[in-house]
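Summary of the model geometry
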Amino acid sequence: MSATVSSAALSAPTADGVSVGVPHVEAGGVPGAGRVLPTRAELAAVLPWPGLRRGSTVAVHGSVSLLFALLSEATANGSWATVVGLPGINLAAAAEAGVSLERLAVVPRPGSDPAGVIAALLDGVDLVVVGGTGQVLDADARRLSARARNRGSVLLPFGRWPGAEVQLRCSGARWRGLGHGHGHLRERDVTVSAEGRGAASKPRSCRLLLPSRDGSLAGVEERPAARAHLRAVAG
């Protein structure tokens with residue numbers, strides 16, 4: 001297994017040469033049980049909790065920018081994150097999106113036992129992003145979600161994941177910035193939708209700029225003409 005860590009090695013050694021920080025264990029033996037890690041307010045609008053609930057599994061489909069947006073607020077507020085099985089991840093884009101790189105570890109190729117590597121990381125890292133989800137057996141995926149619940153970590157598979165509580169998707173992408181045959185792509189207008197089970201059984205969606213002009217996430221401002229049209233319809 002090869003691993004790249006964006007800052008000094010994390011503290012507690014585990015199997016396969018992976019090192020992770022050990023979180024504070026609260027009453028009941030579950031780290032941070034019942035708490036949420038912060039997210040941008042724009043994303044909290046589509047999640048069933050006011051942030052990323054510790055112990056949850058949130059599957060992200062088709063958008064690395066959305067992954068970065070989910071990590072940005074938590075890492076900026078002191079949480080550790082790791083990305084497993086995404087060898088082509090763009091750290092410059094992650095930084096532009098607001099991810100704190102000094103709190104991000106990258107394991108591009110987890111080797112022949114990805115489930116074992118993911119399990120070790122869930123024992124001590126707040127947020128664990130998993131790429132190459134097709135290499136994880138369904139039974140292992142369910143066991144890893146159970147481990148995240150027990151350890152108080154947030155599991156963020158990038159792709160299909162049996163038993164995920166929330167499924168996040170981007171659709172209707174429209175790039176802005178090009179004029180009549182000239183200009184630069186500056187921001188992307190997308191619809192972010194969430195569905196799932198339990199607290200997430202009611203579908204939710206919102207429109208966001210992902211990325212916005214500075215590479216981060218922003219809300220979509222409603223245009224005056226659109227507001228006037230809505231008022232006319234309502235009247």
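All of the points below concern the structure found in this document.

The rules behind each value
Just so you know, the residues in each chain are numbered from 1, in the order the chain's sequence is written. The predicted nature of this model means local features are confined to residues of pLDDT at least 70 and side-chain atom pairs, given and counted, to a pLDDT of 80 or more, with totals for whole chains, interfaces and linings taken over all residues. Side-chain metrics in this entry use all non-hydrogen atoms of the structure; hydrogen atoms and water are not considered. What counts as a salt bridge is simple: a side-chain nitrogen of Lys or Arg found within 4 Å of a carboxyl oxygen of Asp or Glu. Working definition: helices are DSSP H or I runs of at least four residues, strands are E runs of at least two. Numbering for both runs from the N terminus. The buried label applies to any residue whose accessible area, calculated with a 1.4 Å probe on protein chains only, is under 20% of its type's maximum; exposed applies above 50%, and partly exposed to all values in between.

Let us look at the pattern of salt bridges. Using the criterion set out here, one finds 8 salt bridges in the structure. The partner of R54 in a salt bridge is D126, and the shortest N-O contact between them spans 3.0 Å. Separated by 72 residues along the polypeptide, R54 in the loop between β5 (52-53) and β6 (58-61) and D126 in the loop between α4 (114-122) and β9 (127-130) bring together distant segments of the chain. As far as the burial class goes, R54 and D126 line up, both buried. We note a salt bridge from D123 to R147, for which the minimum N-O separation is 2.9 Å. Of this pair, D123 sits in the loop between α4 and β9 while R147 sits in helix α5 (residues 138-151), placing them 24 residues apart in sequence. Looking at D123, the relative accessible area reads 29%, which means it is partly exposed. When salt bridges that share partners are traced, they join D123, R147 and R151 into one network.

Function cannot be read off these values alone, since they describe shape.
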